[in-house]
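Reading the structure
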Amino acid sequence: MNKPITISVIVSLMWALAACKSEGEPQTPSSKNAADIWPKLDIAVKQDPQVEAKVKQILASMTLEQKVAQMIQPEIRDISVADMRKYGFGSYLNGGGAFPNNTKHSSVDDWVKLADDMYLASVDDSLDGSSIPTMWGTDAVHGHNNVIGATLFPHNIGLGAANNPDLIERIANITATEVMATGIDWVFAPTVAVVRDDRWGRTYEGYSEDPEIVRNYAASIVKGLQGEANKDFLSDNRVISTVKHFIGDGGTLDGDDQGDNISSEQELFDIHAQGYVGGLSAGAQSVMASFNSWHGDKIHGNQYLLTEVLKKQMGFDGFVVGDWNGHGQVENCSNESCPQAVNAGLDIFMVPTDAWRPLYKNTIAQVKDGTIAMSRINDAVTRILRVKVRAGLFDKPNPLQRKYSGKNELIGHQSHRDVARQAVRESLVLLKNKNHLLPLDPKLSILVAGDAADSIGKQSGGWSVTWQGTNNSNADFPGGSSIFAGLSKQINAAGGQVELNVNGDFTNKPDVAIVVFGEEPYAEGHGDRASLDYQQGDKRDLALLKKLKAQGIPVVAIFISGRPMWVNAELNASDAFVAAWLPGSEGGGIAEVILANPDGSIQHDFKGKLSFSWPKSAQQTTVNYGDLDYAPLLPYRFGLTYQDENLLADNLSEQVELNLQQTQRRLLYTGTMHKPWEMHLFSGEQEIAVDTNSHQLNGLTFRTVDRLVQEDSFSMKLDGKQLSGVKIVSESHFKEDLNRDLLAGSTLSMLIKVSSKPSGNVYIAMNCESFGDDAGSCSAKLDITTFINALPINQWQSLNLDLQCFADMGIKFQSLVSPFSLESAGSMEVSLSQIGFIPKTADNATVSCD
């Protein structure tokens, strides 16, 4: 339905004012002297004169090219064994979703072969003149999670609820053993983020909002991975550890992944540095720089924090490695060139994609022209060599010949799974238990429902075989156990009856229902949320709970999540409620707690206590122990045992405290792109990011134009030979939660000028990610051809599309990847300006769903 709206000068001015509003650039509030805040650490691993002498000897024999190669860390998808032989990289990595032979079903032998091939190529001095062994780094963040069949432990948030440092050390030791079985030397763990805003998509990688737990755990993990100084330090079944991400990643504004932390320097130490106090004191040999900024200054380029604080004041003598092309985010840097990061104190560039080639050459050139001092290169390489000598890499045989390499039986060994099952048991937190419903008698008739009941992938979360933990089946976790499998094994053995039905349907009415539900798997970026409201706008799991409750069936809720969430309605609809976090591959551990023995005695009581405060509203996203206005629903360290009386009634407020009246217009493009969005052009199979004021792409001509002020708009001319257009996407290619805009009755608004009418249909499209049974991408498009053809030539007009139209066609606004695309397979020429979402305008949409 078309309702042309006359352009208002006031509207244009409002857009312009919003676009021009500047927040300024706050300066990093560094103290004049790092020693005023930061301590000198008593680090367990002391410098050894023999090690230092060997490092000095090796360094003296190296060329500049060999030194820079030590500082380059490419990814296995982007280098060959021949590249390793030619350049002699100091290290390499497999990122999430990268496997030998590019298949996730690679065997242990496949992993060892690649490790062996790369090692032998690195010590082959026939081309590069270097025989320095390389090392392989991997993200083993809850077990050796990239390898099929490995033991997957609960994610850190669950381990924090267990609050058992000795158990954590054993978990780390097991992880090191399974990593060494695949020939890998180095693990990118532990994450020691102290999370302040639970909307952050990496909340589950944090152990607690309490810096004390994080400090203690960091020490235990480092000892478990590396061994203890003067004992079994970096012995045959130990790996190099990495304390990450330095620093402040858990404290960004609004929980924005890779965002800005504006803590004072004292808060940075008191809250966000405690994991480094614990981990570095225990002897961690590497530190990973963080993607985030501190008061607008990217950490990868922050000389004060990386060098003055970490290396000089705290006394860290290992190396600092970057995160995934994190150096490219430093001001005036790119993935291919960043002397600022080296000068700031970065020792190793983590540089996936082919960017390693120009980065290697540019860094060499920057040393030669004096942009980077040779002394800084020597310091970086000294640190890298020091760790390699300490780790025995110059003395150990090639990976194929090492003690544990290729031992398939170590991957997912039963003793390892037993420890993981213990961790599951101790991580569970009982939030509600009306009338002492739990533990359940296994001889009852029990219905098991919910889409997480028989899904090892969903219960394991992100960083489980694949990066995001998606596109997995139970077959991808051989040896693992779903929650249902653990329940059914015990119930059947006790003589009870158990039925699995995801939707909660049954033939015979059960005595009790266990509903297992929760968040879909995600990892960094993709997990960021706008609020903590579980299933906002799509309460299908709540409907399942209520459906069972309405039939008089007692309901036990097992909630799978990577963070505390606002689930008041779900709590009200449950008789018992267990926060199970992300338990990993050993879901059978849950049955060992919630089911009694056949004789009615308790198998295992609940031990878990909340290491994160539980919110009382969807908008209570920054509730942390110690806050002056601390008032959560359930406090830090809360957790019932079977001896405790229930505290939660069924009358928790279900009112969503979402003030849609305060929803602001969301700017996407106003002559410049607004974060976190960027503009792309596409034509046929080609797609490019817009980075200049003009582009030519396969029959598409793009250029910036003037509407009111210089270059506040753009024009696009299509030749009609293939589907072409322009779209706005997340610059990180992560999804964004814009559900609030939908709820606020917003329209997708823009100004448009038609210079030549289209010869084919014209569409406005959106794209999102979907989960569950429909996992994958989702898209929808509206045909605006009639509207375009009705517009006068060369006159700016307003176009407003009701967001509900896209929602009705399946767009999930809580996981939006592209909020705007204009495309056509016909020829036309149009100009666009002022693209964004305007709240409370759906009733006056130019294009509505009527």
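Located above this text is the structure these notes cover.
Presented here is an overview of the structure given in this document. Computed from a predicted model, the values in this text were never measured in an experiment. (Residues numbered from 1 in each chain as written. Predicted model: local features only at pLDDT ≥ 70, side-chain atom pairs only at ≥ 80, totals over all residues. Heavy atoms only, no water.)

A few words on the environment of Asn302. Its place among the elements puts Asn302 in the loop between strand S9 (297-298) and helix H11 (303-313). It is 17 Å that separates the C-alpha atoms of Asn302 and Ala373, two residues lying 71 residues apart in sequence. A distance of 2.9 Å separates a polar atom in the side chain of Asn302 from the backbone nitrogen of Leu305. (Helix = DSSP H or I, 4+ residues; strand = E, 2+ residues; numbered from the N terminus. Polar contact = N/O pair within 3.5 Å; in protein donor to acceptor, adjacent residues only side chain to side chain.)

Let us now look at the side chain of Thr242. For Thr242, the position within the fold is in strand S5 (residues 242-246). Separated by 2.6 Å, the side chains of Thr242 and Ser286 make a polar contact. Excluding its chain neighbours within four sequence positions, the residues that come into contact with Thr242 are Trp186, Val187, Phe188, Ala189, Pro190, Ser286, Val287, Met288 and Val321. (Contact = heavy atoms within 4.5 Å.)

A word on the state of the cysteines. According to the stated counting rule, one finds two disulfides in the structure shown. The disulfide bridge from Cys333 ends at Cys338, spanning 2.2 Å between sulfur atoms. The chirality of the disulfide connecting Cys333 with Cys338 is right-handed, given an S-S dihedral of about 65°. The burial state of Cys333 is the same as that of Cys338; both residues are buried. (Disulfide = S-S within 2.5 Å. Buried < 20%, exposed > 50% of the residue type's maximum accessible area, 1.4 Å probe, protein only.)

Let's shift gears to unusual backbone geometry. Ala189 connects to Pro190 through a cis peptide bond whose omega is 10°. Residue position: Pro190 is located in the loop between strand S4 (186-187) and helix H8 (211-226). The amide bond that connects Leu438 to the next residue, Pro439, takes the cis arrangement and shows omega of 0°. Along the polypeptide, Pro439 turns up in the loop between strand S12 (429-433) and strand S13 (445-449). The phi dihedral of Thr353 is positive, around 70°, even though this residue is not glycine. Within the secondary structure layout, Thr353 lies in the loop between strand S11 (349-350) and helix H13 (356-368). On the basis of relative accessibility, which here comes to 37%, the residue Thr353 falls in the partly exposed class. Positioned with a positive phi, His436 is a non-glycine residue whose angle comes to about 50°. Within the fold, His436 resides in the loop between S12 and S13. When its relative accessible area of 33% is taken as the criterion, His436 is described as partly exposed.

Spatial ordering of the open sheet is given by S5-S7-S10, a layout of three strands whose pairing is parallel. Every interior strand has two partners, whereas the edge strands, S5 and strand S10 (319-321), have only one. Between one strand axis and the next, the sheet turns through 30° on average, direction left out of account. Examined bridge by bridge, strand S7 (residues 286-289) and S10 share three bridges and lie parallel to one another. (Pairing = 2+ DSSP bridges. Axes fitted to C-alpha atoms, helices over the stretch in contact; angles between N-to-C directions.)

Turning next to the packing of aromatic side chains. What characterises a pair of aromatic rings is the spacing of the ring centres plus the angle enclosed by the ring planes. Going through the model one piece at a time under the given rule, you end up with 25 aromatic pairs. Ring geometry for Trp111 and Trp136: centres 5.7 Å apart, planes at 25°, overall stacked. Note that Trp111 is positioned in helix H5 (residues 108-123) and Trp136 in strand S3 (residues 135-138), a separation of 25 residues in sequence. Here the two residues Trp111 and Trp136 agree in accessibility, since each one is buried. Judged by centre distance (5.2 Å) and plane angle (85°), the ring pair of Tyr534 and Phe559 falls under edge-to-face. You can see Tyr534 sitting in the loop between strand S15 (512-518) and helix H18 (540-550) and its partner Phe559 sitting in strand S16 (residues 555-560), a full 25 residues away along the chain. Across the pair, Phe559 and Tyr534 agree in class, each one buried. Among the aromatic residues, those joined into a cluster by ring pairs are Phe517, Tyr534, Phe559, Phe577, Trp581 and Trp614. Against the face of Tyr636 rests Arg637, its NZ or CZ located 5.6 Å from the ring centre. Its guanidinium or amino end placed over the ring of Trp796, Arg707 lies 5.8 Å from that ring's centre, counting from NZ or CZ. (Phe/Tyr/Trp six-rings, centres within 6.5 Å; stacked < 30°, edge-to-face > 60°. Lys NZ or Arg CZ within 6 Å of the ring centre and 35° of its normal.)

Formed by 132 residues in total, the largest nonpolar core has its most connected members in Trp38, Ile72, Ile247, Tyr276, Leu280, Leu305 and Phe349. Ranked by the residues each element gives to this core, the list is headed by helix H7 (residues 165-181), at nine residues. Other than its neighbours up to four places away in sequence, Tyr276 contacts Leu41, Val192, Val243, Lys244, His245, Phe246, Ile247, Ser281, Val287 and Met314. If you look at the next biggest cluster of nonpolar residues, it comprises 74 residues, including Phe517, Leu545, Ala580 and Leu582. (Core = buried A, V, L, I, M, F, W, Y, C linked by side-chain atoms within 4.5 Å.)

Attention now goes to the sheet that holds strand S2 (residues 91-94). Spatially, the three strands line up as an open sheet ordered S2-S3-S4, and their pairing is parallel. At either margin of the open sheet sits one strand with a lone partner, and together these are S2 and S4. Taken together, the two bridges between S3 and S4 define a ladder with parallel strand orientation. The partner of Gly137 across the bridge, within S4, is Trp186.

Take the pattern of salt bridges next. According to the stated counting rule, one finds 41 salt bridges in the structure shown. Between Lys104 and Asp476 there is a salt bridge, with the nearest N and O atoms lying 3.1 Å from each other. Here the residue Lys104 occupies a position in the loop between S2 and H5, and Asp476 occupies one in the loop between helix H16 (456-460) and helix H17 (483-494), the gap between them amounting to 372 residues. In terms of burial, Lys104 and Asp476 fall into one category: buried. The residue Glu524 makes a salt bridge to Arg202 at a minimum N-O spacing of 3.3 Å. Taken together, the residues Glu524 in the loop between S15 and H18 and Arg202 in the loop between S4 and H8 connect sequence positions 322 residues apart. Looking at Arg202, the relative accessible area reads 5%, which means it is buried. When salt bridges that share partners are traced, they join Lys311, Asp347, Arg376, Asp379 and Arg383 into one network. (Salt bridge = Lys/Arg side-chain N within 4 Å of Asp/Glu carboxyl O.)

Where H8 contacts helix H10 (residues 274-281), the two axes come as close as 7 Å, and the packing angle between them is 25°. The orientation of H8 with respect to H10, classified from their angle, is roughly parallel. Of the two possible hands of crossing, H8 and H10 adopt the one that is right-handed. Contacts between H8 and H10 pair Pro211, Val214, Arg215, Ala218, Ala219 and Val222 from the former with Gln274, Gly275, Val277, Gly278 and Gly279 from the latter. Counted by class, the contact of H8 with H10 contains six nonpolar, four polar and one charged residues. (Parallel < 35°, antiparallel > 145°, perpendicular 65-115°, else oblique. Left-handed = near helix turned anticlockwise from the far one by under 90°. Nonpolar A, V, L, I, M, F, W, Y, C, P; charged D, E, K, R; others polar.)

This next bit is on helix H9 (residues 265-272). If you check which residues of H9 are buried, you get Glu265, Leu268, Phe269, Ile271 and His272. Each element contacted by the buried residues of H9 is listed here: H8, strand S6 (260-261), H10, strand S8 (293-294) and H11.

Burial analysis of S15 places seven of its seven residues in the buried class, which makes it a mostly covered element. Note that S13 and S15 share four bridges and pair parallel. Looking across to S15, one finds that Val448 is bridged to Ile514. One ladder, built from six bridges, connects S15 with S16; its direction is parallel. Within S16, the position partnered with Phe517 by the bridge is Phe559. Between the parallel elements S15 and S16, the chain passes through H18 in a crossover that is right-handed. (Right-handed = clockwise from strand over helix to strand, strands pointing away.)

Burial within strand S19 (residues 677-683) is extensive, with six of its seven residues counted as buried. Strand direction decides the pairing type here: S19 and strand S24 (residues 724-730), joined by seven bridges, are antiparallel. From the neighbouring strand, His680 faces S24, where its bridge partner is Lys727. Of the pairings in the sheet, the one linking S19 to strand S20 (residues 686-689) comprises four bridges and is antiparallel in character. Each residue of the ladder has a partner; that of Ser683, found in S20, is Gln686. If you look at the hairpin formed by S19 and S20, you'll find two residues sitting between the two strands, and Gly684 has a positive phi there, around 65°.

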